[in-house]
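Each chain, written out:
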Amino acid sequence: MTREPDFRLDGFEPDDADSEFAENMMWPRYLTLLAEYHTAPDGAHSFMVVRDRLMDWGEPGDPTLVAVEITRNLDARTFTIDSENHATFAFAQNWLIQRGCPPEQITHVGDGVMKPTDDLTLWLDQQIRESGARYEVIDSYNSGHGPCETWTLTRDSSASQAPIRVFREERNHEAHTYTIREGAFADEAAARAWLDDRSSPLPQPPDYRGEAASRLTRAALYRSPGTSAIPKAGPDPGSAPSAGTTPRPGPRRSM
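Residues numbered from 1 in each chain as written. Predicted model: local features only at pLDDT ≥ 70, side-chain atom pairs only at ≥ 80, totals over all residues. Heavy atoms only, no water.

What follows concerns the overall build of the protein chain. From N to C terminus, the protein chain includes five helices and ten strands. Each of the 255 residues in the protein chain was classed as buried or not, and the buried ones make up 49%. Long-range pairs, those at least 24 residues apart, make up 59% of the contacts in the protein chain with a sequence separation of at least 6. (Helix = DSSP H or I, 4+ residues; strand = E, 2+ residues; numbered from the N terminus. Buried < 20%, exposed > 50% of the residue type's maximum accessible area, 1.4 Å probe, protein only. Contact = heavy atoms within 4.5 Å.)

Now for helix H4 (residues 188–197). Listed as buried for H4 are Ala-191, Arg-192, Trp-194 and Leu-195. Buried residues of H4, viewed axially, fall in a sector of 160 degrees; they line one side. Where H4 is buried, its residues touch strand S7 (135–143), strand S8 (149–156), strand S9 (164–172) and strand S10 (177–185). If you check the start of H4, you find a side-chain oxygen 3.3 Å away from the backbone N of Ala-189, and it comes from Asp-187. Positive backbone phi, approximately 60 degrees, marks Arg-198, located one or two places after H4. (Arc of directions from axis to C-beta. Polar contact = N/O pair within 3.5 Å; in protein donor to acceptor, adjacent residues only side chain to side chain.)

Formed by 14 residues in total, the largest nonpolar core has its most connected members in Phe-7, Val-50, Val-68, Ile-70 and Ile-81. For this core, the elements supplying multiple residues, two or more each, are strand S2 (31–38), strand S3 (45–52), strand S4 (65–73) and strand S5 (78–86). Per-element tally for this core: the top contributor is S4, with three residues. Beyond its immediate chain neighbours, meaning those up to four positions away, Ile-70 contacts Phe-7, Leu-9, Ala-44, His-45, Ser-46, Phe-79, Thr-80 and Ile-81. (Core = buried A, V, L, I, M, F, W, Y, C linked by side-chain atoms within 4.5 Å.)

Here five strands make up an open sheet; going across it, the order is S1-S5-S4-S3-S2 and the pairing mixed. In the strand order of this sheet, the two ends are held by strand S1 (13–14) and S2, each with one partner. Direction of pairing for S1 relative to S5: parallel, over a ladder of two bridges. Residue pairing across strands places Pro-14 opposite Phe-79, the latter belonging to S5. Set on the sheet, helix H1 (residues 17–25) makes contact with S1 and S5; between it and S5 the angle comes to about 60 degrees. Against the sheet, helix H2 (residues 89–98) touches S2, S3, S4 and S5, its axis set at about 20 degrees to S4. (Pairing = 2+ DSSP bridges. Axes fitted to C-alpha atoms, helices over the stretch in contact; angles between N-to-C directions.)

A contiguous nonpolar surface patch, about 400 Å² in accessible area, is contributed by Trp-27, Leu-54 and Trp-57. Examined against the element boundaries, Trp-27 turns out to sit in the loop between H1 and S2. Take Trp-27: its relative accessible area is 39%, and that puts it in the partly exposed class. (Patch = residues over 30% accessible without salt bridge, like charges linked within 9 Å, V, L, I, M, F, W, Y side chains within 5 Å. Areas by Shrake-Rupley, 256 points an atom, 1.4 Å probe, with all protein chains shown as cover. Salt bridge = Lys/Arg side-chain N within 4 Å of Asp/Glu carboxyl O.)

Below, the discussion takes up H2. Of all ten residues making up H2, nine are buried, and the element is well covered by its neighbours. Looking only at H2, the buried set comprises Phe-89, Ala-90, Phe-91, Ala-92, Gln-93, Asn-94, Trp-95, Leu-96 and Ile-97.

A few words now on the pattern of salt bridges. Inspection of every chain in the model, using the stated rule, returns eleven salt bridges. One continuous salt-bridge network, built from bridges that share partners, spans Arg-134, Asp-156, Arg-165 and Glu-182.

What follows covers the packing of aromatic side chains. Throughout the structure, instances matching the rule amount to seven aromatic pairs. With a centroid separation of 6.5 Å and 75 degrees between ring planes, the pair formed by Phe-91 and Tyr-135 is classed as edge-to-face. Of the two residues, Phe-91 sits in helix H2 while Tyr-135 sits in strand S7, which places them 44 residues apart along the sequence. Classification of Phe-91 by relative accessible area gives buried; the value is 4%. Look at Phe-91 and Phe-167: their rings are 5.8 Å apart centre to centre, the planes differ by 70 degrees, and that puts the pair in the edge-to-face class. Pair noted here: Phe-91 is in helix H2 and Phe-167 is in strand S9, with a separation of 76 residues, a long-range link. Through a chain of ring-to-ring contacts, three or more aromatic side chains come together here, namely Phe-91, Tyr-135 and Phe-167. (Phe/Tyr/Trp six-rings, centres within 6.5 Å; stacked < 30°, edge-to-face > 60°.)

Time to look at unusual backbone geometry. Along the chain, Ala-40 connects to Pro-41 via a cis peptide bond; the corresponding omega equals 0 degrees. Turning to its location among the elements, Pro-41 is positioned in the loop between S2 and S3. One non-glycine residue, Arg-77, lies in the positive phi region at around 60 degrees. Mapped onto the secondary structure, Arg-77 falls in the loop between S4 and S5.

Nothing here speaks to function; it is geometry throughout.
In structure tokens, the structure reads:
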């Protein structure tokens, strides 16, 4: 069942024109709630991740997930809204965590959540979610058709080599699973060339070399009780399988 978000704005007025515009653009009947956290006991802040189903009819490649932060002035009965679109759930979580949301509180809700295919996917999810401002998002693309994938093009401020990183997530709707792989490039042009061509494997980050086994061991520590049966990664956990050419993305849009 699709669960609509409750923004809890009854009795509050927007504090500024941007918040008024954001409220008018958020139509709950077209949004699917994926995660939420409301501060207690006063409810002065709300953090949510929603899927905007209207984006399916927008520009091809536009990210469909929206991270939403609502701040309420309980004395003045006003509110402000800030939001940002993301291609993947982990980057939406990261954006909210940077704004004060407790990491353990902004997790998936509902029964229709896809499961990670392997420990490396689980580890990368955790790394993105808790990376703070480490990754500057340059671009992203979301595809629901052949293959069902998203990618996020970033600049890694912690990388001494190949600082342009691509996080590619591929979804298997039949198995209800998803796989994430990270690729490393010297510059943005090289990353975009790979995304357009896909004739070679996704290049591993330099720090993966010789560390695959230890990475998977550390990844296993992040398992939740419900993911103990996750299959192990293949012999080359840092490489993604080749895929067909993906169109260049349209501009990223915010709510």
